[in-house]
Amino acid sequence: MAFNVLIVDDSWSMRSIIKKTIQISGFNVGEYFEGGNGKEALEILNDAWVDVIVSDIHMPVMDGLDLLKVLQDHEMLKTIPVVMVTTEGRGSRVEEALSLGAKAYVQKPFTPEQIKETLLSVMGAGNVVDDKTDSSGCDF
Amino acid sequence: MSLMIRQILQDVTFNVLETMFFSLPEPYEGGDPDLEWDLCSSVKLDGPDKLALHILLSKALAMKLASDFLGKEHDEITAAALLDMLKELANMVGGNLITRMDRSTDLSLHIPESRFVANGDVHGLKQDDRILIQVDSQFIAVVWSQEIT
């Protein structure tokens, strides 16, 4: 069954890279949604069904840790797995994100394999469909 | 402190350029070349030691990096995409610097900024030190200044 992905990052180019990485990894994705910060992510979550969130931490308006806090306070939204993809890999930041409900953590810079393995561990291998891999527009 | 920052900055910048931009950076050990810069990306790190990081490069090299990063041809890359890519470059270098310095200091990362610059603007940047890196025979400068509080 296809799953919907919400990518939250204030960098348009990083959202594009993460989306391409998921596409070439062969996941069976239905729809991609994109938000530039936590507030935009919550607006999307208000209107759309999302199965997994991939979020940065450092963002203006509402950062990734504040987004996690809001999600944890919401009965439905707290069940959505969140993968943090961020530049900081300090133990204290990782622990803070995990204690706020994040399921996994990937540090930038990342390889496509790291994103794939992390999403596999969070979503399960049943969501990968190799024969539908879309590598259009992707150079790596 | 400056020697430690210099080594860490070189390591993390190389790692970012190799992993996300598919580039082959080389350290530059020559004299002080007369370089002109077109773009600057900056990020501040706050904490007991305040640091300001600036990444300087030419438009030609920025276009190459953006093309490799985004998987697009040069004529598909807008000025906005170029600036966004450079913000992310500074963000990754700054974030990884903090990660590597974690044992010795507690720094927080600000939101990065990037802009087109005239060479004269760059001369006004406060510089404690800098490293020069070559990519495809072109230069990237990573400049930093430190403010002890």
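What you see is a predicted model; the values in this text were computed from it and never measured.

Asks: Give me the lowdown on the confidence of the model for chain A, citing residues and values where you can.
Replies: Of all residues in chain A, 91% attain a pLDDT of 70 or more, and the chain-wide mean is 89. Low pLDDT, under 50, characterises residues 135–140 of chain A; the stretch is placed with ten contacts to residues that sit more than four places away or in other chains.

Asks: Quick rundown of helix α3 (residues 79–101) of chain B? Include the residues and the values.
Replies: For α3 of chain B, which comprises 23 residues, the first-to-last C-alpha distance of 33 Å matches the rise-based estimate of 33 Å (1.5 Å per residue) to within 8%. In terms of burial, α3 of chain B is a largely internal element, 18 of the 23 residues being buried.

Asks: Could you give an account of the nonpolar core, with specific residues and numbers?
Replies: Grouped together as the largest cluster of nonpolar side chains are 41 residues, with contacts concentrated most on L53, I55, V93 and V142 of chain B. In terms of residues, this core owes the most to one element, α3 of chain B, which gives ten residues. Apart from the residues within four sequence positions on either side, L53 of chain B is in contact with S42, V43, L45, A90, V93, G94, V142 and W144 of chain B. In this structure, F27, I57, V82 and V83 of chain A belong to the second largest nonpolar core, which totals 28 residues.

Asks: Please give an account of the interface of chain B and chain A that cites residues and values.
Replies: Taken together, the 23 residues of chain B in the interface contact 20 residues of chain A. Residue assignment for the side of chain B that touches chain A shows that the elements contributing at least two residues are α1 (2–21), α2 (59–70) and α3 of chain B. Per-element tally for the side of chain B that touches chain A: the top contributor is α3 of chain B, with twelve residues. Within the side of chain B that touches chain A, the residues separate by chemical class into eleven nonpolar, eight polar and four charged.

Asks: Quick rundown of the packing of helix α1 (residues 12–24) of chain A against helix α5 (residues 112–123) of chain A? Include the residues and the values.
Replies: The description of two packed helices rests on the angle between their axes and on the distance between the axes. Residues and elements named next belong to chain A. With their axes 9 Å apart at the nearest point, α1 and α5 run at an angle of 70 degrees to one another. Overall, the two elements α1 and α5 adopt an arrangement that is roughly perpendicular. As for how α1 packs across α5, the hand of that crossing is right-handed. From α1, I18, T21, I22 and I24 reach across to α5, where they touch P112, I115 and L119.

Asks: Give me the sheet that holds strand β4 (residues 82–86) of chain A: which residues, what numbers.
Replies: All names here are of chain A. Ordered in space as β2-β1-β3-β4-β5, the five strands form an open sheet in which the pairing is parallel. Each edge of the open sheet carries a strand with a single partner, namely β2 (29–35) and β5 (104–107). On average, each strand axis in the sheet is tilted by 20 degrees relative to the strand beside it, whichever way the strands run. Direction of pairing for strand β1 (residues 3–8) relative to β2: parallel, over a ladder of five bridges. Looking at the pairing, V8 lines up with G35 of β2.

So, how was this worked out
- Residues numbered from 1 in each chain as written.
- Chains lettered and ligands numbered in written order.
- Predicted model: local features only at pLDDT ≥ 70, side-chain atom pairs only at ≥ 80, totals over all residues.
- pLDDT = per-residue confidence, 0-100.
- Contact = placed C-beta atoms within 7 Å.
- Helix = DSSP H or I, 4+ residues; strand = E, 2+ residues; numbered from the N terminus.
- Expected span 1.5 Å × (residues − 1).
- Buried ≥ 20, exposed ≤ 12 C-beta atoms within 10 Å, placed from the backbone.
- Core = buried A, V, L, I, M, F, W, Y, C linked by C-beta atoms within 7 Å.
- Nonpolar A, V, L, I, M, F, W, Y, C, P; charged D, E, K, R; others polar.
- Axes fitted to C-alpha atoms, helices over the stretch in contact; angles between N-to-C directions.
- Parallel < 35°, antiparallel > 145°, perpendicular 65-115°, else oblique.
- Left-handed = near helix turned anticlockwise from the far one by under 90°.
- Pairing = 2+ DSSP bridges.

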